Amino acid sequence: VGKIVERAVKSLGNHGVSVDREYWLREAEAAEKNDPPALAVCREIVRVTVGAGVEEEDMKRTWKADAAECEKRGSTHTARAILAHACGAFPAKKGLWVLAAKLEKSVGDSAAMDALLKRAVVHCPRAEILWLMAAKERWLCGDVPGARDVLEEAFVVNPDSEDIWLAAFKLEFENREPERARALLAKIRARGGASERVWMKSAIVEREVGDVEEERRMLAEGLEKFPTAWKMWLMLGQLEEVQGDADAARTAYTKGCRRCHDAIPLWTAAATLEQRSGFPAKARAILEQARTRNPKNEWLWLPAARQE
């Protein structure tokens, strides 16, 4: 089929007829929509004609637009062929692989998406998003061991990628493997430079397994490194409340509000603690202070109304 299309285009050129790529792409779409679909013809028309008259510096932009238009018209296979050609011409451009993978996802072809992403990470091994897409797709298909394998391969070429480490953590945590999740987070922390997210997730794991002391330690160490991480102050206050230590919870909320004065959940948690403890005047004072610090925040008025 490809040779026939090539000869047709060559013959037209020899007779002074310029290749109208828009015409040929419409023919590719028509071949796709034949009954039965002529998918091989569709692919070959695209391969031979999609680059006709397009300058090299315009190819990626033009082909992305072509694929998007075909997809809008329901010509999925034509769009797939265009993106496959683009990925072949520019294999190191991760954006093209991402578009191609999203197309396969949109049509529900998990096997094709998996195969495409396997090729993509060979050409773009440093593109974290491609590894993450591949792992997530396997996970969504119920292949947890396969998702682990993908992430282990990703670690080899991206050993310092926190996003990949956290994806591995999420995989284990959500599949009820807390010890695996713990071990992964411990490795990230041991490498140094762990972000606020890592410390917060470390505390969440300990909360999940019921290790109060370790949860408290994770929050304390995390807050030492990230004193403006309001969510961790909130978690610490909630931990102390659950443990029945109102004074410790009050201290956590107070410190958090001082460092993160625009964190409305912290202010409301502090006020709610005082209200529950039988100190409505303190609760009212906290909310007044919060409104002074955040005069344009409408959410602070509702808890204030409830105090009255």
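This report concerns the structure included in the present document. (Residues numbered from 1 in each chain as written. Predicted model: local features only at pLDDT ≥ 70, side-chain atom pairs only at ≥ 80, totals over all residues. Heavy atoms only, no water.)

Concerning the overall build of the protein chain
Reasoning step 1: The helix and strand inventory of the protein chain stands at 18 helices and 0 strands.
Reasoning step 2: In terms of C-alpha radius of gyration, the protein chain reaches 28 Å, well past the compact-globule figure of 19 Å for 308 residues.
Reasoning step 3: If one aligns the C-alpha atoms of the protein chain with their principal axes, the spans along those axes are about 90 × 40 × 35 Å.
Reasoning step 4: Burial status across the protein chain gives 41% buried among its 308 residues.
Reasoning step 5: Long-range contacts, defined here as pairs at least 24 residues apart, represent 52% of the contacts in the protein chain between residues at least 6 apart.
Reasoning step 6: Total accessible area on the protein chain stands at roughly 16900 Å², and carbon and sulfur atoms take up 53% of it.
Reasoning step 7: Distance between charge centres in the protein chain, computed from 49 positive and 49 negative side chains, equals 2 Å. (Helix = DSSP H or I, 4+ residues; strand = E, 2+ residues; numbered from the N terminus. Rg over C-alpha atoms; globule rule 2.2 N^0.38 Å. Buried < 20%, exposed > 50% of the residue type's maximum accessible area, 1.4 Å probe, protein only. Contact = heavy atoms within 4.5 Å. Areas by Shrake-Rupley, 256 points an atom, 1.4 Å probe, with all protein chains shown as cover. Lys, Arg positive; Asp, Glu negative; His and termini not counted. Charge placed at Lys NZ, Arg CZ, Asp CG, Glu CD.)

What about the nonpolar core?
Reasoning step 1: One finds Ile82, Leu117, Leu130, Tyr253 and Leu266 to be the most contacted residues of the largest nonpolar core, which totals 88 residues.
Reasoning step 2: Beyond its immediate sequence surroundings of up to four residues, Leu117 is in contact with Ala101, Leu130, Met133 and Ala134. (Core = buried A, V, L, I, M, F, W, Y, C linked by side-chain atoms within 4.5 Å.)

Overview of helix α13 (residues 212–225)
Reasoning step 1: For α13, which comprises 14 residues, the first-to-last C-alpha distance of 20 Å matches the rise-based estimate of 20 Å (1.5 Å per residue) to within 8%.
Reasoning step 2: For α13, the set of buried residues is Glu215, Met218, Leu219, Gly222 and Leu223. Take α13 and look down its axis: the buried residues cluster within an arc of 125°, on one side only. Facing away from the buried side of α13, by more than 90 degrees, are the exposed residues Glu213, Glu224 and Lys225.
Reasoning step 3: Taken together, the buried residues of α13 touch α11 (178–191), α12 (196–209) and α14 (230–242). (Expected span 1.5 Å × (residues − 1). Arc of directions from axis to C-beta.)

Considerations on the packing of aromatic side chains
Each aromatic ring pair is summarised here by two numbers: the centre-to-centre distance and the angle between the ring planes.
Reasoning step 1: Here the structure, examined in full by the defined rule, presents 4 aromatic pairs.
Reasoning step 2: Plain terms: the ring middles of Trp63 and Phe90 are 6.2 Å apart, the flat faces sit at 55° to each other, and that makes the pair tilted. Remark: Phe90 occurs in the loop between α5 (76–89) and α6 (94–106) and Trp63 occurs in helix α4 (residues 59–72); sequence separation between them is 27 residues.
Reasoning step 3: The residue whose ring lies beneath Lys60 is Phe90, and the NZ or CZ to ring-centre distance is 4.7 Å.
Reasoning step 4: Taking NZ or CZ as reference, Lys282 lies 4.8 Å from the ring centre of Phe279, over its face. (Phe/Tyr/Trp six-rings, centres within 6.5 Å; stacked < 30°, edge-to-face > 60°. Lys NZ or Arg CZ within 6 Å of the ring centre and 35° of its normal.)

A look at the packing of helix α8 (residues 128–140) against helix α9 (residues 144–157)
Reasoning step 1: Running from N to C, α8 and α9 point in directions that differ by 165°, and their axes come no closer than 7 Å. The angle between α8 and α9 places the two elements in the roughly antiparallel class. For the element pair α8 and α9, the recorded crossing hand is left-handed. When α8 is examined against α9, the residues Trp131, Leu132, Ala134, Ala135, Arg138 and Trp139 are found in contact with a partner set consisting of Val144, Gly146, Ala147, Val150, Leu151, Glu153, Ala154 and Val157. (Axes fitted to C-alpha atoms, helices over the stretch in contact; angles between N-to-C directions. Parallel < 35°, antiparallel > 145°, perpendicular 65-115°, else oblique. Left-handed = near helix turned anticlockwise from the far one by under 90°.)

Digging into a negative patch on the surface
Reasoning step 1: Judged by side-chain charge, Asp143, Asp149, Glu152 and Glu153 come together as a negatively charged surface patch.
Reasoning step 2: With respect to the helices, strands and loops of the structure, Glu152 is situated in helix α9.
Reasoning step 3: The class for Glu152 is partly exposed, based on a relative accessible area of 49%. (Patch = residues over 30% accessible without salt bridge, like charges linked within 9 Å, V, L, I, M, F, W, Y side chains within 5 Å. Salt bridge = Lys/Arg side-chain N within 4 Å of Asp/Glu carboxyl O.)

Re the pattern of salt bridges
If the charged atoms of two oppositely charged side chains come close together, the side chains can form a pair.
Reasoning step 1: Evaluation of the coordinates by the stated rule reveals 28 salt bridges.
Reasoning step 2: The residue Glu137 makes a salt bridge to Lys105 at a minimum N-O spacing of 2.9 Å. With a gap of 32 residues between them, Glu137 in helix α8 and Lys105 in helix α6 connect regions that are remote in the sequence.
Reasoning step 3: The exposure class assigned to Glu137 is buried, which follows from its relative accessible area of 6%.
Reasoning step 4: Overall, the relative accessible area of 40% leaves Lys105 in the partly exposed class.
Reasoning step 5: Residues Glu213 and Arg216 are paired through a salt bridge, measuring 2.8 Å at the closest nitrogen-oxygen approach. Of this pair, Glu213 and Arg216 both sit in helix α13, 3 residues apart, roughly one helical turn.
Reasoning step 6: The class of Glu213 is exposed, set by a relative accessible area of 53%.
Reasoning step 7: One network of salt bridges, with partners in common, ties together Glu29, Glu69, Lys72 and Arg73.

A word on the packing of α6 against α8
Reasoning step 1: Close contact between α6 and α8 brings their axes to 10 Å; oriented N to C, the two are set at 15°. By the angle between their axes, α6 is roughly parallel relative to α8. Our pair here, α6 against α8, has a crossing hand that is left-handed. Along its contact with α6, which presents Lys94, Trp97, Val98, Ala101, Lys102 and Lys105, the element α8 presents Ile129, Leu130, Met133, Glu137 and Leu140.
Reasoning step 2: Taken together, the residues of the contact of α6 with α8 sort by class into 7 nonpolar, no polar and 4 charged. (Nonpolar A, V, L, I, M, F, W, Y, C, P; charged D, E, K, R; others polar.)

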